[in-house]
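Analysis of the macromolecular model
Residue strings, one per chain:
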Amino acid sequence: MAQSFEAQHPGSKIHLNFGASGALLQQMSKGATRRCVRLGRKGRWSRQARV
């Protein structure tokens, strides 16, 4: 999905970070850069937040 988006939007770069939602939220609370965050569980998305 990320590669497809980048191909359709030259100059854009997607950085994926996979991990436990608690760990990701902790990274964000400490200043990790982000534009869109999707949190999910076992194959289905449970929450999406634009930050």
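Remember, it's a predicted structure, so these values are computed and weren't measured experimentally. (Residues numbered from 1 in each chain as written. Predicted model: local features only at pLDDT ≥ 70, side-chain atom pairs only at ≥ 80, totals over all residues. Heavy atoms only, no water.)

1. A closer look at the overall build of the chain
Broken down by element type, the chain carries two helices and two strands. In sequence order, the secondary structure elements of the chain are arranged as α-α-β-β. Burial statistics for the chain: of 51 residues in total, 12% are counted as buried. Long-range contacts, defined as pairs at least 24 residues apart, comprise 0% of the intrachain contacts of the chain with a sequence gap of at least 6. For the chain, the exposed surface amounts to about 4800 Å²; the carbon and sulfur share of it is 52%. (Helix = DSSP H or I, 4+ residues; strand = E, 2+ residues; numbered from the N terminus. Buried < 20%, exposed > 50% of the residue type's maximum accessible area, 1.4 Å probe, protein only. Contact = heavy atoms within 4.5 Å. Areas by Shrake-Rupley, 256 points an atom, 1.4 Å probe, with all protein chains shown as cover.)

2. A look at the pattern of salt bridges
What the rule picks out here adds up to one salt bridge. The partner of K13 in a salt bridge is E6, and the shortest N-O contact between them spans 3.8 Å. (Salt bridge = Lys/Arg side-chain N within 4 Å of Asp/Glu carboxyl O.)

3. Quick look at the environment of M28
Along the chain, M28 falls in helix α2 (residues 21–29). According to the relative accessible area criterion, M28 is buried, its value standing at 15%. Apart from residues no more than four positions distant in its own chain, M28 is found in contact with R34 and V37.

4. So, the confidence of the model for the chain
Here the chain averages 78 in pLDDT, and 78% of its residues register 70 or above. Mean pLDDT per element in the chain: strand β2 (residues 44–50) is the minimum at 50, and helix α1 (residues 2–8) is the maximum at 91. (pLDDT = per-residue confidence, 0-100.)

5. Considering the environment of A20
As for its placement among the helices and strands, A20 is situated in the loop between α1 and α2. Residue A20 is classed as exposed on the basis of its relative accessible area of 53%. A sequence separation of 19 residues divides A20 from L39, and the C-alpha atoms of the two residues are 8.8 Å apart.

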